[in-house]
Amino acid sequence: MTSANSSWVDKVKANKNIMSNKSLWSYVMVAPVMFIAFVVPMVLLFIRSHHFGIEHEQEAAQMLYEKQVVVMHTIGLGSMFYFLIGALGIIYAFTKFSYLFSMSKLDFYLSLPTTSARRMQSAYFVAVTNFITIFLGVEVVAILTALAFGALNAALIIAVLIQTVRMIIFFYTCFTITTLAILLCGTRIIALILTAIMLYFPYIIGEEFHYLNRVFFSTASYMSENTAILSPCNDVKNLANNIMYRYEYYSIDKSFDISSVMSNYLRSIRYDIDMIVTAIIATALVVFVYKYRRAEHVGKTVIFRLVRWACKVLVCVITSLGGMVVLHTIFDMTWNRKLYVLLCIAMLTICAFTGSIIEICLDSDVKSFAKGKRQTFMAMAILLLIFFIYRGDLLGYDSYVPNASSVESAALFYNDFGYYYQSEYIHGFNSSIDWDTYSFKNMKITDMDTFLPIAQKSMECARKADGDYYKYGWGEKILYNLKDGRKVYRDVVIPYDIDPALMDKLTSSEEFIKGHVPCFGDDFFRAEQISTGEASMTCSFPGGDEFTTDVSVMGDFIEAYKQDILEHYKFSYIKDTSAIGEVDFNNDPYTSYSMPVFENFTRVIDVLTKNGLYKGKEYPVDKIQELTVTDYFPGYNFNEMSLEEQREVYDKWYYDGKDFGFNVETYTDKDKIKEIMENCIFENYVEWENPFDKVDKKFNVSFDDKYQDAFTYHYSFKKGSVPKFVYEDFNK
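Residues numbered from 1 in each chain as written. Predicted model: local features only at pLDDT ≥ 70, side-chain atom pairs only at ≥ 80, totals over all residues. Heavy atoms only, no water.

(A) Layout of the environment of Ser536. Within the secondary structure, Ser536 sits in strand E5 (residues 535-541). Classification of Ser536 by relative accessible area gives buried; the value is 12%. Along the chain, Ser536 and Asn587 lie 51 residues apart, while their C-alpha atoms are 6.6 Å from each other. Sequence-distant contacts of Ser536, that is, excluding residues within four places in its chain, are made with Phe547, Thr548, Thr549, Met554, Asp584, Phe585 and Asn586. (Helix = DSSP H or I, 4+ residues; strand = E, 2+ residues; numbered from the N terminus. Buried < 20%, exposed > 50% of the residue type's maximum accessible area, 1.4 Å probe, protein only. Contact = heavy atoms within 4.5 Å.)

Quick look at the structure:
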């Protein structure tokens with residue numbers, strides 16, 4: 001016979017065998033998966049980069065850099081395996097606590113001589129230590145592999161250590177949130193759904209609010225960051241994006257040093273803090289909820305009434321706001337104010353439907369569709385509150401201008417001065433918020449006495465424009481870097497009638513110019529980068545094009561350009577003056593920049609003339625064999641129309657695509673060609689384009705460049721200077 005005491009011993013042995021088997025699976029299954037995810041790609045990429053470097057005769061420094069990039073993107077700060085780590089956290093939690101869904105298993109565990117708290121602590125300890133053991137083992141193998149390929153230095157070791165801790169924290173956060181969902185539910189499927197809600201709810205609601213900002217507010221910018229808190233999924237998304245393109249291109253000045261690694265880490269430390277806070281809160285809730293979890297809760301969908309209410313309300317709100325987003329996307333091209341009513345009705349309808357579906361799922365009974373009316377009405381009340389806050393701008397989003405004392409620096413940007421391509425800026429650190437311009441990265445304006453009045457007027461104009469900015473002014477973007485660390489973005493419209501003196505004061509400052517004109521960048525011109533012969537400079541003027549690869553000439557030109565820009569750049573001059581040509585600077589694959597040249601850039605013209613690169617601002621008229629004048633607005637006489645009327649007609653053609661028809665006259669007579677060219681201007685307004693008071697937009701003058709056999713030139717008549725015979729020819 002078996003005594004009662006021996007029966008208890010058998011139970012303990014059985015429990016040990018169960019726990020042993022549950023831990024064994026992780027070593028058998030998880031370790032190989034993690035090895036394949038972290039180590040195998042590293043080895044393959046090492047081999048690839050090594051053979052690629054040999055085949056293309058790369059220098060030793062570049063080959064080392066490429067290997068270090070592999071380390072950074074596999075086990076360093078750029079590792080993208082968050083999905084795997086999060087999935088493991090969820091799997092571990094369901095494995096350790098699946099007994100809570102089975103009455104027989106729960107009875108067995110409750111019969112063991114240990115407390116519930118001890119059992120919870122043991123499960124946590126086994127799961128976390130098991131994962132850490134496997135993960136650290138794989139990391140050690142990866143580090144040894146990197147050492148064998150000679151790809152590690154002190155900075156990368158720090159990056160790997162930071163990322164290792166970060167991955168462990170993310171695992172623990174996902175594990176704890178899943179455990180909390182299991183404790184709140186009585187069935188696996190509902191627990192899995194609740195896990196997804198808790199992991200993604202803050203992120204999804206943040207994205208929905210972000211989109212609704214752009215639906216309801218005229219100054220909302222898509223660049224604004226999703227500020228969701230207590231959202232580990234949003235945290236790792238931003239962490240991954242922050243480093244994704246950071247080390248895509250090699251340059252001789254780039255290196256993996258400790259300062260750059262720490263700089264990247266500190267830039268995103270707030271996401272780590274949010275993840276840690278989330279883990280702490282989830283742990284506290286697990287401890288609290290576990291005390292009230294009972295055996296009779298097995299089989300129920302959501303155990304606690306309050307949680308059931310909260311989940312239903314949250315899901316109804318999320319689904320209804322998501323429906324608003326989808327509906328607006330469908331009607332985006334034909335959107336008008338009347339559709340806001342439709343949006344509100346659709347939102348409430350989706351809420352009622354979602355509430356019914358939730359009740360049916362929770363009770364597994366179609367007859368329950370009408371239950372839970374109070375929660376549904378509560379969700380509708382929240383949705384209506386959100387709708388009216390947005391519709392009436394009750395929080396003052398569209399009129400927000402920070403106090404000068406709260407702003408560390410600001411930026412006014414859209415495009416750079418000229419066309420600029422640089423590998424660092426064309427791929428932003430965070431694709432969801434970054435802008436691919438030099439201005440966005442470098443403009444730091446501190447003169448708030450000038451900046452804020454412009455911002456205020458521009459926001460007023462944006463509200464007036466309500467999307468049709470081109471009718472009222474120039475579309476720009478504003479960034480406020482606040483002293484508390486926040487970044488506030490707004491899309492604004494600088495009105496056409498803005499005070500020129502105020503704009504001149506802002507745009508002629510060194511802070512604006514050096515943050516707006518890319519040639520002032522620290523890494524724009526480096527002799528060691530262009531000494532390979534990849535760099536070139538093409539000077540394009542109406543008088544002819546010239547080309548050089550002389551590094552010293554490029555250096556002299558850039559220095560002269562900086563001086564001329566600092567002396568002459570300001571809003572009123574750039575707005576009213578057409579560039580006479582441009583200089584294209586190329587340093588493949590790092591930099592490409594088309595630099596406009598103006599008539600008063602005397603230093604630049606002197607450098608180009610001295611080196612035989614400037615052929616004049618006038619096209620040789622005697623080389624023009626045939627000239628075409630096109631009338632894009634037959635029946636309209638712009639000379640008899642106000643500037644506003646001209647702009648209205650032009651905007652309908654240019655922006656709205658309205659077809660006014662067109663007439664064409666071709667001239668071959670040398671005298672007429674000469675008279676036309678004497679009354680024309682090479683229209684090349686680089687910024688703040690509003691040339692209706694400078695040129696006649698009714699006509700376009702063009703001719704094939706037979707002189708250089710390159711392309712077709714386009715000119716415009718000066719305002720009020722259209723020759724009489726042109727009007728006569730079109731009015732025949």
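There is more to say after this.
(B) Looking closely at the pairing of strand E12 (residues 699-704). Most of E12 is tucked away, with five of its six residues classed as buried. With four bridges joining them, strand E9 (residues 627-631) and E12 adopt antiparallel strand pairing. Across the sheet, residue Thr628 finds its bridge partner in E12, namely Ser702. (Pairing = 2+ DSSP bridges.)

(C) Structural view of the packing of aromatic side chains. The final tally for this structure, using the stated rule, is 48 aromatic pairs. Judged by centre distance (6.0 Å) and plane angle (15°), the ring pair of Phe171 and Phe175 falls under stacked. With Phe171 and Phe175 both in helix H7 (residues 154-184) and four residues apart, this pair spans about one turn of that helix. Here Phe171 and Phe175 have matching classes, each one buried. Both rings, one in Trp474 and one in Phe571, keep their centres 5.7 Å apart while their planes meet at 80°; by these two values the pair is edge-to-face. Note that Trp474 is positioned in strand E3 (residues 473-482) and Phe571 in helix H22 (residues 571-576), a separation of 97 residues in sequence. Considered together, Trp474 and Phe571 belong to a single accessibility category, that of buried residues. Here the aromatic cluster, defined as three or more aromatic residues joined through ring pairs, consists of Phe38, Phe81, Tyr92, Phe97, Tyr124, Phe131, Phe135, Phe171, Tyr172 and Phe175. The ring of Phe52 is capped by Arg48, whose NZ or CZ atom sits 5.8 Å from the centre of that ring. Here the basic side chain of Arg647 rests over the ring of Tyr496, its NZ or CZ set 4.4 Å away from the ring centre. (Phe/Tyr/Trp six-rings, centres within 6.5 Å; stacked < 30°, edge-to-face > 60°. Lys NZ or Arg CZ within 6 Å of the ring centre and 35° of its normal.)

(D) Up close: the sheet that holds E9. The five strands lie next to each other as E10-E9-E12-E13-E11, forming an open sheet whose pairing is antiparallel. For this open sheet the edge positions go to strand E10 (663-667) and strand E11 (680-681), each flanked by a neighbour on one side alone. Across the face of the sheet, helix H25 (residues 670-678) comes into contact with E9, E10, E11, E12 and strand E13 (712-717) while running at roughly 55° to E9. (Axes fitted to C-alpha atoms, helices over the stretch in contact; angles between N-to-C directions.)

(E) Looking closely at a nonpolar patch on the surface. Taken together, the side chains of Ile229, Leu230, Ile273, Val277, Ile281 and Leu285 define a hydrophobic patch exposed on the protein surface, amounting to about 490 Å² of accessible area. By secondary structure assignment, the location of Leu285 is in helix H11 (residues 269-292). (Patch = residues over 30% accessible without salt bridge, like charges linked within 9 Å, V, L, I, M, F, W, Y side chains within 5 Å. Areas by Shrake-Rupley, 256 points an atom, 1.4 Å probe, with all protein chains shown as cover. Salt bridge = Lys/Arg side-chain N within 4 Å of Asp/Glu carboxyl O.)

(F) Representation of the side chain of Asp631 in the model. Its location among the elements puts Asp631 in strand E9. At 3.0 Å, the side chain of Asp631 forms a polar contact with the backbone nitrogen of Phe633. The contacts of Asp631, once residues within four sequence positions are left out, are Gly661, Phe662, Asn663, Lys698, Phe699 and Phe730. (Polar contact = N/O pair within 3.5 Å; in protein donor to acceptor, adjacent residues only side chain to side chain.)

(G) Broad picture of the pairing of strand E1 (residues 407-413). Within E1, six of the seven residues are buried, which leaves the element mostly enclosed by the surrounding structure. Direction of pairing for E1 relative to E3: antiparallel, over a ladder of six bridges. In the sheet register, Leu412 faces E3, and the bridge partner there is Ile478.

(H) Structural view of the pattern of salt bridges. What the rule picks out here adds up to 16 salt bridges. Taking the shortest distance from any N to any O, the salt bridge between Asp272 and Arg166 comes out at 2.8 Å. Of this pair, Asp272 sits in helix H11 while Arg166 sits in helix H7, and the two are 106 residues apart along the sequence. Note that Glu546 and Lys615 form a salt bridge whose closest N and O atoms lie 3.7 Å from each other. Residue Glu546 is located in strand E6 (residues 544-548), and its partner Lys615 is located in the loop between helix H23 (602-610) and E9; the two are separated by 69 residues in the primary sequence. On the basis of relative accessibility, which here comes to 43%, the residue Lys615 falls in the partly exposed class. A single salt-bridge network, built from bridges that share partners, covers Arg308, Lys312 and Glu359.

(I) Up close: the side chain of Lys312. Here Lys312 shows up in helix H12 (residues 305-330). On the basis of relative accessibility, which here comes to 2%, the residue Lys312 falls in the buried class. Setting aside residues no more than four positions away along its own chain, Lys312 makes contact with Gly355, Ile358, Glu359, Lys371, Gly372, Gln375 and Thr376.

(J) Highlighting the nonpolar core. Core analysis: the biggest nonpolar cluster contains 104 residues, and Met34 and Phe216 have the highest contact counts within it. Among the elements that take part in this core, H7 stands out by supplying 17 residues, more than any other. In contact with Met34, not counting residues within four places along its chain, are Val39, Ile85, Leu88, Phe131, Ile134, Phe135 and Val138. Formed by 66 residues, the second largest nonpolar core is a distinct cluster that contains Tyr438, Met443, Val492 and Ile605. (Core = buried A, V, L, I, M, F, W, Y, C linked by side-chain atoms within 4.5 Å.)

(K) Quick look at the sheet that holds strand E4 (residues 487-495). With antiparallel pairing, three strands are arranged side by side in an open sheet as E1-E3-E4. In this open sheet, the two edge strands, each paired with only one partner strand, are E1 and E4. Taken pair by pair, the neighbouring strands of this sheet meet at an average axis angle of 25°, ignoring direction. Running over the sheet, helix H17 (residues 448-465) touches E1, E3 and E4 and is turned about 70° from E4.

(L) Molecular detail of the environment of Ser594. Residue placement: Ser594 occurs in strand E8 (residues 591-597). Separated by 2.7 Å, the side chains of Ser594 and Asp584 make a polar contact.

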